[in-house]
Amino acid sequence: CTFLPLLFHKLRTVTSFSFSLASTAITCFTRGLDLRKETEDVLCPANCPLWQFYVFGDGVYASLSSVCGAAIHRGVITNAGGAVRVQTLPGQENYPAVNANGIQSQVLSRWASSFSVTPGTNNLVLEAVGRSVSTARPATGKRPKKPLEKKAGNKDCKADIAFLIDGSYNIGQRRFNLQKNFVGKVAVMLGIGTEGPHVGVVQASEHPKIEFYLKNFTAAKEVLFAIKELGFRGGNSNTGKALKHAAQKFFSMENGARKGIPKIIVVFLDGWPSDDLEEAGIVAREFGVNVFIVSVAKPTTEELGMVQDIGFIDKAVCRNNGFFSYQMPSWFGTTKYVKPLVQKLCSHEQMLCSKTCYNSVNIGFLIDGSSSVGESNFRLMLEFISNVAKAFEISDIGSKIATVQFTYDQRTEFSFTDYTTKEKVLSAIRNIRYMSGGTATGDAISFTTRNVFGPVKDGANKNFLVILTDGQSYDDVRGPAVAAQKAGITVFSVGVAWAPLDDLKDMASEPRESHTFFTREFTGLEQMVPDVIRGICKDFLDSKQ
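Here we summarise the structure given alongside this text. No experiment lies behind these values; they were computed from the predicted model shown.

Helix and strand content of the protein chain: 14 helices and 20 strands. Counting every position in the protein chain, which comprises 545 residues, the buried fraction comes to 53%. Here the protein chain displays about 24,600 Å² of accessible surface, and carbon together with sulfur accounts for 51% of that area.

Have a look at this one:
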């Protein structure tokens, strides 16, 4: 019989692989969903680049995973390649992240299908060399699939976006699929990439479900496939519950949120929500999330009686200025609505809710270094300002900290532009040396207003001055404090021990009661930290109304 020699001769002319007649040759990047049989024996090539594998789960893998990557992760084969038996399994929730055999698998909240891997049959298997083979289904004659290249994406549209899709009985299965198509088109036009927009999906229904996070996919093709695989959940349209859940849980650094990048939730509503959106909108704003509402098919006259609050859109969006709300008449013919929505999502300067008290303030600390304080109490003052500073997101584009120490003289310990990370700011505070001397608080306020806040007075951040003193000043404090407030600086006064209450109130901004703090002992400063932080945040939010 001349068939086998002829077959192997032809194979060698096409690829550097030889393989078993019982196994299907696949590439390093063939996924479980690329295979068509419930049970299939495949042959993985050697020398696959481990760092390029996408693997989701442990033992049971989401079908989006690389088969060869899963086999190496499971210990079925090594990077020398080999035969693997792939068993198709139902989808599941909560695929875990586990590091095994040089591969870090990733978390995936839910996927429609899974697979497991075990050692495969090895009949007539010859040597497997090289990096890739023709295809998972060689008989079709199709070209091999190329691994997805990680593209930078649209660098002019940096945003972390959660699409909150409607999965309730309001929308139904058919319109749910049309909604997925529209979201997919928006995702593609955004220009998803490593340095561009990152997206994830949350489904609102009876109970909210995060379908995938920002970190799971950074290529448009991956996102499209993930959206296509989403299943319809049904139930009531508890959009408020889902919005609150997403605002609180979705945008963590662990889940892929990036520092300094606008956080956006695009809420799709088919009809009306069955719960309250106002509270969820407040929570989102507190977390610095820009909420957009895309409403489709407004409630009919008959349905309006079922709506808890007909003004729900205005109360949920970031700002009630028309920019954050978007109306489509139906889910049919939506292509023309894609580009205008993308343009809104990429308008970085319009994301007004990205600014929070934690990432948009300059806080100057003016600390008393007079002889009455003493070295040990001075250290307690430094601990106080460190604990306040820890609460804020310090960066070159976020909040900034400066410190001035005073006696009769003033010394700028560091200015707003000296340190742009929290770690460096806290280290600089620890290294401040106690001066010792008299007390001239008024001169120190004027010095700080002029030399520390002067260079940043035209910046975007709101300015705060926190004054710590333990005694009476030898000069006037009211005049310099009023001048500081006229320069746009909100003043908090914190007094210890012998600091006169009248002086503290004279320095504080209005209302003075909420901007003045006092403790008999330096150890009491620690208890004031939360109150000072809350005071700064309240003033920041009030200034944005």
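As a further point, take the layout of surface pockets. Its volume calculated, the largest pocket comes out at about 1,300 Å³. Around the largest pocket, the lining comprises 43 residues; the ones closest to its centre are Lys-263, Gly-288, Ser-354, Thr-356 and Asn-359. Counting only elements with at least two residues in the lining of the largest pocket, the list comes to helix 5 (239-249), helix 6 (278-286), helix 10 (422-430) and helix 14 (525-543). Split by domain, the residues of the lining of the largest pocket number at least three in each of domain 2 (160-350) and domain 3 (361-543).

Turning to the sheet that holds strand 2 (residues 39-44), a few remarks are in order. Strand pairing in a sheet takes place through backbone hydrogen bonds and is either antiparallel or parallel in direction. Spatially, 1-2-5-8-4-3 is the arrangement adopted by the 6 strands of the open sheet, whose pairing is mixed. Each edge of the open sheet carries a strand with a single partner, namely strand 1 (24-25) and strand 3 (57-58). Both strand 2 and strand 5 (residues 82-95) contribute to a ladder of 6 bridges, which runs antiparallel. Counted as the bridge partner of Cys-44 is Gly-82 from strand 5.

Okay, the sheet that holds strand 19 (residues 489-496) next. Pairing within the open sheet is mixed, and its 6 strands lie in the order 17-16-15-18-19-20. Strands with a single pairing partner mark the edges of an open sheet, and in this sheet they are strand 17 (410-414) and strand 20 (516-519). Across the sheet, the axes of successive neighbouring strands diverge by a mean angle of 20°, strand direction being ignored. The pairing of strand 19 with strand 20 spans 4 bridges and is parallel. Paired with Ser-493 across the strands is Thr-516, a residue of strand 20. Against the sheet, helix 9 (residues 375-390) makes contact with strand 15 (361-368), strand 16 (400-406), strand 18 (462-469) and strand 19, and its axis sits at roughly 175° relative to strand 15, the strand it touches most.

Tallied over the full model, the rule gives 5 disulfides. Between Cys-44 and Cys-68 runs a disulfide, and the two sulfur atoms are separated by 2.2 Å. As the torsion about the S-S bond is roughly -100°, the Cys-44-Cys-68 disulfide counts as left-handed. Placement of the pair is Cys-44 in strand 2 and Cys-68 in helix 2 (residues 67-74), with a sequence separation of 24 residues. Here Cys-44 and Cys-68 have matching classes, each one buried. Disulfide pairing is shown between Cys-318 and Cys-353; the S-S distance is 2.1 Å. Residues Cys-318 and Cys-353 share a disulfide whose torsion about the S-S bond is about 105°; that sign makes it right-handed. Residue Cys-318 is found in the loop between helix 7 (312-316) and strand 14 (325-328), and its partner Cys-353 is found in the loop between helix 8 (335-345) and strand 15; the two are separated by 35 residues along the sequence. The buried category is assigned to Cys-318, whose relative accessible area is 3%. Given the relative accessible area of 3%, Cys-353 is considered buried. Sequence-ordered numbering of the bonded cysteines in the protein chain yields a pairing of 1-3, 2-4, 5-7, 6-8, 9-10.

Moving on, we come to the nonpolar core. Phe-163, Leu-190 and Ile-265 are the most contacted members of the largest nonpolar core, which totals 77 residues. Counting the residues that make up this core, at least three belong to each of domain 1 (24-119) and domain 2 (160-350). Within the second largest apolar cluster, 40 residues are counted, among which are Phe-365, Ile-367, Val-388 and Ile-536.

Here we take up empty space enclosed by the protein. Summed over all chains, the structure comprises 1 cavity of 30 Å³ or more. In this structure, the largest cavity occupies an estimated 50 Å³ of space. In this structure, the largest cavity is lined by Thr-441, Thr-469, Gly-471, Gln-472, Ser-473, Val-477, Ala-499, Pro-500, Asp-503, Leu-504 and Met-507. Its residues placed into classes, the lining of the largest cavity shows 5 nonpolar, 5 polar and 1 charged.

Turning our attention to the environment of Leu-380. As for its position among the elements, Leu-380 is in helix 9. The sequence separation of Leu-380 and Gly-524 amounts to 144 residues, and the corresponding C-alpha distance is 9.4 Å. Other than its neighbours up to four places away in sequence, Leu-380 contacts Phe-522, Thr-523 and Leu-525.

Where strand 5 lies against strand 8 (residues 108-119), 10 bridges are found, and the strand directions are antiparallel. Note that in strand 8 the partner of Thr-88 across the bridge is Phe-115.

On to the packing of aromatic side chains. For any pair of aromatic rings, geometry is given as the distance between the ring centres together with the angle between the planes. The final tally for this structure, using the stated rule, is 23 aromatic pairs. Relative to Phe-217, the ring of Phe-212 has its centre 5.2 Å away and its plane inclined at 75°; by these criteria the two rings are edge-to-face. Judged by relative accessible area, which is 2%, Phe-212 ranks as buried. The cationic tip of Lys-462 hangs over the ring face of Phe-464; the distance from NZ or CZ to the ring centre is 5.5 Å.

The end-to-end C-alpha separation of helix 3 (residues 172-190) is 27 Å, in line with the 27 Å expected for 19 residues at 1.5 Å each. Looking at the buried residues of helix 3, the elements they touch are strand 9 (160-166), strand 10 (198-204), helix 4 (220-228), strand 12 (263-270), strand 14 and helix 8. Looking at the residues trailing helix 3, positive phi occurs at Gly-191, about 85°.

Here we come to the environment of Thr-239. Mapping Thr-239 onto the fold places it in helix 5. Expressed as a C-alpha distance, the spacing of Thr-239 and Ser-205, which sit 34 residues apart in the sequence, is 7.2 Å.

Attention now moves to the packing of helix 3 against helix 4. One can describe the packing of helix 3 onto helix 4 by two numbers: an axis separation of 10 Å at closest approach and a directional angle of 170°. Judged on the interaxial angle alone, helix 4 and helix 3 are roughly antiparallel. Contact with helix 3, carried on its side by Lys-180, Val-183, Gly-184, Ala-187 and Val-188, involves Val-223, Leu-224, Ile-227 and Lys-228 of helix 4 and no other residues of that element. Taken together, the residues of the contact of helix 3 with helix 4 sort by class into 6 nonpolar, 1 polar and 2 charged.

About the thresholds
- Residues numbered from 1 in each chain as written.
- Predicted model: local features only at pLDDT ≥ 70, side-chain atom pairs only at ≥ 80, totals over all residues.
- Heavy atoms only, no water.
- Helix = DSSP H or I, 4+ residues; strand = E, 2+ residues; numbered from the N terminus.
- Buried < 20%, exposed > 50% of the residue type's maximum accessible area, 1.4 Å probe, protein only.
- Areas by Shrake-Rupley, 256 points an atom, 1.4 Å probe, with all protein chains shown as cover.
- 1 Å grid on protein atoms, 1.4 Å probe; cavity = no way out; pocket = protein on both sides within 12 Å on 5 of 7 lines; lining within 4 Å.
- Points joined across faces, edges and corners; volume = space filled by probe spheres on them.
- Domains from an automatic or database assignment.
- Pairing = 2+ DSSP bridges.
- Axes fitted to C-alpha atoms, helices over the stretch in contact; angles between N-to-C directions.
- Contact = heavy atoms within 4.5 Å.
- Disulfide = S-S within 2.5 Å.
- Core = buried A, V, L, I, M, F, W, Y, C linked by side-chain atoms within 4.5 Å.
- Nonpolar A, V, L, I, M, F, W, Y, C, P; charged D, E, K, R; others polar.
- Phe/Tyr/Trp six-rings, centres within 6.5 Å; stacked < 30°, edge-to-face > 60°.
- Lys NZ or Arg CZ within 6 Å of the ring centre and 35° of its normal.
- Expected span 1.5 Å × (residues − 1).
- Parallel < 35°, antiparallel > 145°, perpendicular 65-115°, else oblique.

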